[in-house]
Amino acid sequence: MALDAQLVEAARQRLSAARERSLDLDMTRGKPSAHQLDLALPMLDLVTASDFTSASGVDCRNYGGGSGLDEARTLFAPYFDVAAEEIFVLGNSSLQLMYDVLLQAVLRGVPGGSGPWSGGKILAPSPGYDRHFHLADFLGFEVVPVPMTDHGPDMEAVARLTADDESVRAIFCVPRYSNPTGCVYSEETVRALAAMKTAAPDFRIVWDNAYSVHHLVDEPVPLANLLRECESAGHADRALMFGSTSKISFAGAGVSLFSASEANRGWFAAHLTSQTIGPDKLNQLRHVRFFGDWEGVESHMRKHADLLRPKFAAVGEVLDERLRDTGVAEWTKPEGGYFISVDGAPGTASKVAAMAREIGVKLTPAGATFPYGEDPEDRNLRVAPSFPSVDSLVQATEVLSDCLLVAAAEA
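Since we're looking at a predicted model, the values are computed, not measured.

Trainee: Quick rundown of the sheet that holds strand S13 (residues 380–383)? Include the residues and the values.
Mentor: Pairing in this open sheet of three strands is antiparallel, and the strands run S10-S11-S13 from one edge to the other. The open sheet has two edge strands with one neighbour each: strand S10 (330–331) and S13. Pairing between strand S11 (residues 340–343) and S13: four bridges, direction antiparallel. Bridging across to S13, aspartate 343 finds its partner in asparagine 380.

This is the structure we're talking about:
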């Protein structure tokens with residue numbers, strides 16, 4: 001790429017100076033910062049040795065409550081905009097829930113299907129979430145990438161792949177503030193997913209709504225209710241909806257959420273009873289007492305937004321200052337979630353990540369946002385602003401910007 005020689009030389013000099021500073025900066029994963037985790041610390045004092053009974057009289061120390069504490073189900077039902085009886089509140093990890101649901105599909109099949117899903121395919125909007133790709137690959141699925149747009153997956157590609165191939169069993173979706181692009185699925189996309197023709201009668205949408213309430217703006221773009229859209233389209237069993245409080249309360253000690261049709265809930269409950277005699281209701285009681293109601297959750301998330309907003313702004317300002325009008329890169333400006341997606345010049349992402357790592361800035365490996373680590377254009381990089389301080393983010397993004405410039409010039 002032809003770039004202003006002085007601009008590129010200045011970038012090279014800054015990178016040389018940065019190398020001398022022995023940086024150790026990490027933007028690899030979207031972890032909550034310690035300040036975010038501190039927001040929920042009072043929760044730890046809300047269940048005591050003398051006060052462990054729920055408002056409905058449940059001794060939360062004991063077995064039972066396989067679907068979750070009733071008060072917790074009421075509290076978190078608005079997460080999916082469903083009724084309390086339509087949601088499970090379970091252990092810490094929604095990823096574990098997804099793994100378990102897909103494993104049961106592989107072994108036993110799902111309601112409305114003809115048998116186990118072993119050897120099937122799963123569609124993966126890309127760039128997307130690497131843990132989805134690893135999960136599907138580990139369970140023996142062929143992971144098939146489909147392009148992402150600003151409104152969700154390319155529905156022409158999705159429709160083409162699902163219409164005639166009954167081995168296409170499911171699609172992964174992060175519908176609000178998608179990882180890593182930050183897009184919110186449009187109402188048209190949600191309705192198309194719910195209504196589209198699929199060759200597989202038991203096709204499922206794995207709706208990983210991980211960032212449902214993780215807004216950075218006061219008036220977020222609305223997200224259509226997938227479960228209701230599927231019901232309206234005559235495909236009530238198509239939706240499998242997941243979420244958690246991992247980035248709301250404690251990343252290592254939150255609760256996970258699952259909602260689906262009556263048939264899917266019955267199927268899920270049947271195998272859940274073979275695994276456990278009940279979730280950690282003491283932890284659920286902590287969450288109920290801390291948040292109180294859904295407004296308590298939303299108020300809490302506004303505090304998270306206040307901590308995250310300056311970090312996203314810092315990354316965007318450096319990228320804009322260093323790369324505006326150069327044609328070297330494009331980047332997203334998300335209104336929520338945990339990531340910024342950066343597209344450099346084609347064929348340079350691997351080089352940029354290696355250059356940055358040598359200088360002391362760790363990025364998510366190039367290709368991680370595509371199945372099997374294979375970005376066909378080798379240009380996408382995922383930036384995670386949540387964990388480092390603002391000062392660290394500025395330094396790291398300055399290095400990233402200069403690496404993008406130099407790599408483009410040498411491409």
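Trainee: Which residues make up the pairing of strand S4 (residues 142–149), and what values go with them?
Mentor: Where strand S3 (residues 121–126) and S4 come together, six bridges link them in parallel fashion. Bridge pairing in S4 links proline 125 to valine 146. Taking the sense of rotation as the criterion, the β-α-β connection linking S3, helix H5 (residues 130–138) and S4 turns out right-handed. Remark: two residues form the turn of the hairpin made by S4 and strand S5 (residues 152–153), two consecutive strands paired antiparallel.

Trainee: Can you tell me about the nonpolar core, naming the residues and giving the values?
Mentor: Of all hydrophobic cores here, the largest spans 51 residues; its most connected members are Phe76, Leu193 and Trp207. When near neighbours in sequence (up to four residues on either side) are disregarded, tryptophan 207 contacts Cys173, Pro175, Tyr185, Val190, Leu193, Leu223, Ala224, Leu226, Leu240, Met241 and Phe242. Residues Ala18, Tyr211, Phe339 and Leu405 belong to the second largest nonpolar core, which totals 45 residues.

Trainee: Tell me about the packing of aromatic side chains, residues and numbers included.
Mentor: For any pair of aromatic rings, the description consists of the separation of the ring centres together with the inter-plane angle of the planes. Inspection of the entire model under this criterion finds 13 aromatic pairs. Geometrically, the ring pair formed by tyrosine 79 and phenylalanine 80 is edge-to-face, given 5.0 Å between the ring centres and 75 degrees between the ring planes. Overall, the relative accessible area of 4% leaves tyrosine 79 in the buried class. Members of the aromatic cluster, each reached through a chain of ring pairs, are Phe88, Phe242, Phe258 and Phe268.

Trainee: I'd like a description of the pairing of strand S9 (residues 256–260), backed by residues and values.
Mentor: Most of S9 is tucked away: five of the five residues are buried. Alternating positions in S9 separate into two faces, Ser256, Phe258 and Ala260 on one and Leu257 and Ser259 on the other, with burial throughout. In this structure, strand S2 (residues 87–89) lies alongside S9, joined through three bridges in antiparallel fashion. When the sheet's bridge partners are listed, isoleucine 87 is paired in S9 with serine 259. Looking at chain direction, strand S8 (residues 239–244) and S9 are connected through five bridges and run antiparallel. Bridge assignment links leucine 240 to a residue of S9, and that residue is alanine 260.

Trainee: Which residues make up the sheet that holds strand S7 (residues 204–208), and what values do they have?
Mentor: In a beta sheet, neighbouring strands are held together by backbone hydrogen bonds and run either parallel or antiparallel to one another. As summarised here, the arrangement of the eight strands in space is S2-S9-S8-S7-S6-S3-S4-S5, forming an open sheet in which the pairing is mixed. Of all the strands in the sheet, the pair left with one neighbour each is S2 and S5. Sheet analysis places strand S6 (residues 168–173) next to S7, joined by four bridges and oriented parallel. The partner of cysteine 173 across the bridge, within S7, is tryptophan 207. Against the sheet, H5 makes contact with S3, S4, S6 and S7, and its axis sits at roughly 165 degrees relative to S3, the strand it touches most.

Thresholds applied
- Sequence order as written defines the numbering, with residues in each chain counted from 1.
- For this predicted model, a pLDDT threshold of at least 70 governs which residues receive local features, and a threshold of 80 or more governs which side-chain atom pairs are given and counted, while totals over whole chains, interfaces and linings are taken from all residues.
- Excluding hydrogens and water, the side-chain figures rest on all heavy atoms present in the structure.
- Should DSSP find at least two bridges between two strands, the strands are taken to pair.
- Secondary structure is summarised from DSSP: a helix means a run of H or I of at least four residues, a strand means a run of E of at least two, and numbering begins at the N terminus for each.
- Look down the strands so they point away from you; if going from the first strand over the helix to the second traces a clockwise path, that crossover is right-handed.
- Among buried residues, those of type Ala, Val, Leu, Ile, Met, Phe, Trp, Tyr and Cys that are joined through side-chain atoms within 4.5 Å constitute a nonpolar core.
- Partly exposed residues are those whose accessible area sits between 20% and 50% of the maximum for their type, while under 20% is buried and over 50% is exposed, using a 1.4 Å probe and protein chains only.
- By definition in these notes, contact holds between two residues if any of their heavy atoms fall within 4.5 Å.
- Between the rings of Phe, Tyr and Trp (Trp by its six-membered ring), a pair exists once the centres lie within 6.5 Å; its type follows the angle of the planes, with under 30 degrees stacked, over 60 edge-to-face, and the other angles tilted.
- Helix axes use the C-alpha atoms of the stretch in contact, all axes being lines fitted to C-alpha atoms, and the angles between their N-to-C directions lie in the range 0 to 180 degrees.

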